Amino acid sequence: MLRGIDVSAYQSSTYDTDGLSFAFIKATEGRSYVNPRLSAQTAHARDAGLVAGFYHFLWPGNLTAQAEYFVKHAPEKAGDILAVDWERNGEGTHASNAEKDSFIRKVKALRPHNRVVLYCNRDFWLNVDTTSYAGDGLWIADYVTAGKPRIKAKWRFHQYTSDPHDKDVADFADKAALKAWTKVG
C-alpha cells in the first residue's frame, strides 16, 4: 500500500510529506470557491516528488459550469489525478447520482489525459449511490484499518482517518505502478 494525504485550505502549505507517494489537494468547490493555498500546496507536493491529485467539492446543479470551473483552476499536468468529492454540503444537500455521473463524464471530456476518480464515504457508496459509476476509480472514505474499507467494490484510494489530518492509502504495488496508472492515452 502506498501512503498519501489529502489537504485543503485548513492545512499548511508545507504539510509533512515524509513516507508519502501522493497528495490530493482541494482545488475548488461549487462555482465560486478556489482553495487559497492551492498553488503553494501543489508546489509542495511536486517538490517532494509526489503524484498530485486535485479535487472539486460538488454541489447540486450547474454541472457543466462546475466542471469547467474545476478544470480552469486545477493545475494541468500529465500524470495528475482529478477527483470529484461527492458528499453532503453545508446545507445538508448533495448532488444526485445523475449529477455526479454527469460531472465525472464532463471532467473526463475536458481533461482526457488525466484520470478522474470519485471520492465518497462508505455510507454514500452503499446507500446513496445507485449507478456505481466512479470514472477511473473509487476513492473511498471509511475510518477503519488502512487498506481495508468495508465495501465489496474495487477501490483505488482509501481515506482511513482524519486524525490529525486526512490520511490515505492507494492500492498499487509501488509508486511506479501508480505513475503508470495515471498515464492516459
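Let us look at the structure shown here. If you're wondering where the values come from, they're calculated on a predicted model, not measured in any experiment.

With respect to the layout of surface pockets
Where empty space is left becomes clear once a probe the size of a water molecule has been rolled over the atoms.
Phase 1: By volume, the largest pocket is sized at about 300 Å³.
Phase 2: Surrounding the largest pocket, 20 residues form its lining, Ser8, Tyr10, Lys26, Tyr55 and Asp166 being those nearest its centre.
Phase 3: When residues of the lining of the largest pocket are traced back to their parent elements, those giving at least two are β1 (2-7), β2 (22-29) and β4 (51-57).
Phase 4: For the lining of the largest pocket, the class distribution of residues is 9 nonpolar, 5 polar and 6 charged.
Phase 5: Lining the second largest pocket are Arg46, Gly49, Leu50, Val51, Ala52, Lys77, Ala78, Gly79, Asp80, Lys179, Thr182 and Lys183.
Phase 6: Elements with a contribution of two residues or more to the lining of the second largest pocket: β4 and α5 (175-182).
Phase 7: Per-class residue counts for the lining of the second largest pocket are 4 nonpolar, 3 polar and 5 charged.

Digging into the environment of Leu38
Phase 1: The topology assignment puts Leu38 in helix α1 (residues 38-47).
Phase 2: Considering only alpha carbons, one finds Leu38 and Met1, 37 residues apart in sequence, at a separation of 26 Å.
Phase 3: Aside from chain neighbours lying at most four places away, what touches Leu38 is Ile25, Lys26, Ala27, Phe54, His73 and Pro75.

A closer look at unusual backbone geometry
Excluding glycine, a negative phi dihedral is what most residues carry, and trans is how most peptide bonds are arranged.
Phase 1: Omega for the bond connecting Asp163 with Pro164 falls within 30 degrees of zero, at 0°, which places this linkage in the cis form.
Phase 2: With respect to the helices and strands, the residue Pro164 is situated in the loop between β8 (157-161) and β9 (167-170).
Phase 3: Positive phi is not limited to glycine here, since Asn62 has a value of about 50°.
Phase 4: Its place among the elements puts Asn62 in the loop between β4 and α2 (63-73).

Quick look at the packing of aromatic side chains
Phase 1: Under the definition given, this model contains 11 aromatic pairs.
Phase 2: Ring centres of Phe22 and Phe157 lie 5.3 Å apart, and the angle between their planes is 65°; this geometry places the pair in the edge-to-face category. Taken as a pair, Phe22 in strand β2 and Phe157 in strand β8 lie far apart in primary sequence, 135 residues in all. Considered together, Phe22 and Phe157 belong to a single accessibility category, that of buried residues.
Phase 3: Aromatic pair Phe24 and Phe157: ring centres 5.1 Å apart, planes at 90°, arrangement edge-to-face. With Phe24 in strand β2 and Phe157 in strand β8, the pair connects residues that are 133 residues apart, well separated along the chain.
Phase 4: On the basis of relative accessibility, which here comes to 1%, the residue Phe24 falls in the buried class.
Phase 5: Three or more aromatic residues link up through ring pairs in this structure, and these residues are Phe22, Phe24, Tyr55, Tyr119, Trp139, Phe157, Phe172 and Trp181.
Phase 6: Above the plane of the ring of Trp86 lies Lys100, whose end atom (NZ or CZ) is 5.1 Å from the centre.
Phase 7: Arg105 extends its terminal NZ or CZ atom over the ring of Tyr133, reaching a point 4.1 Å from the ring centre.

Regarding α1
Phase 1: Considered for burial, the residues of α1 that qualify are Leu38, Gln41, Thr42 and Ala45. Summarising the axial view, the buried residues of α1 lie within an arc of 100°, below the 170-degree limit, and thus occupy one face. α1 presents Ser39 and Asp47 as exposed residues on the side facing more than 90 degrees away from its buried surface.
Phase 2: Looking at the packing, one finds that the buried side of α1 touches β1, β2, β3 (33-34), β4 and α2.
Phase 3: A positive phi of about 75° marks Gly49, the residue just after α1.

Reading the values: rules and limits
Residues numbered from 1 in each chain as written. Predicted model: local features only at pLDDT ≥ 70, side-chain atom pairs only at ≥ 80, totals over all residues. Heavy atoms only, no water. 1 Å grid on protein atoms, 1.4 Å probe; cavity = no way out; pocket = protein on both sides within 12 Å on 5 of 7 lines; lining within 4 Å. Points joined across faces, edges and corners; volume = space filled by probe spheres on them. Helix = DSSP H or I, 4+ residues; strand = E, 2+ residues; numbered from the N terminus. Nonpolar A, V, L, I, M, F, W, Y, C, P; charged D, E, K, R; others polar. Contact = heavy atoms within 4.5 Å. Phe/Tyr/Trp six-rings, centres within 6.5 Å; stacked < 30°, edge-to-face > 60°. Buried < 20%, exposed > 50% of the residue type's maximum accessible area, 1.4 Å probe, protein only. Lys NZ or Arg CZ within 6 Å of the ring centre and 35° of its normal. Arc of directions from axis to C-beta.

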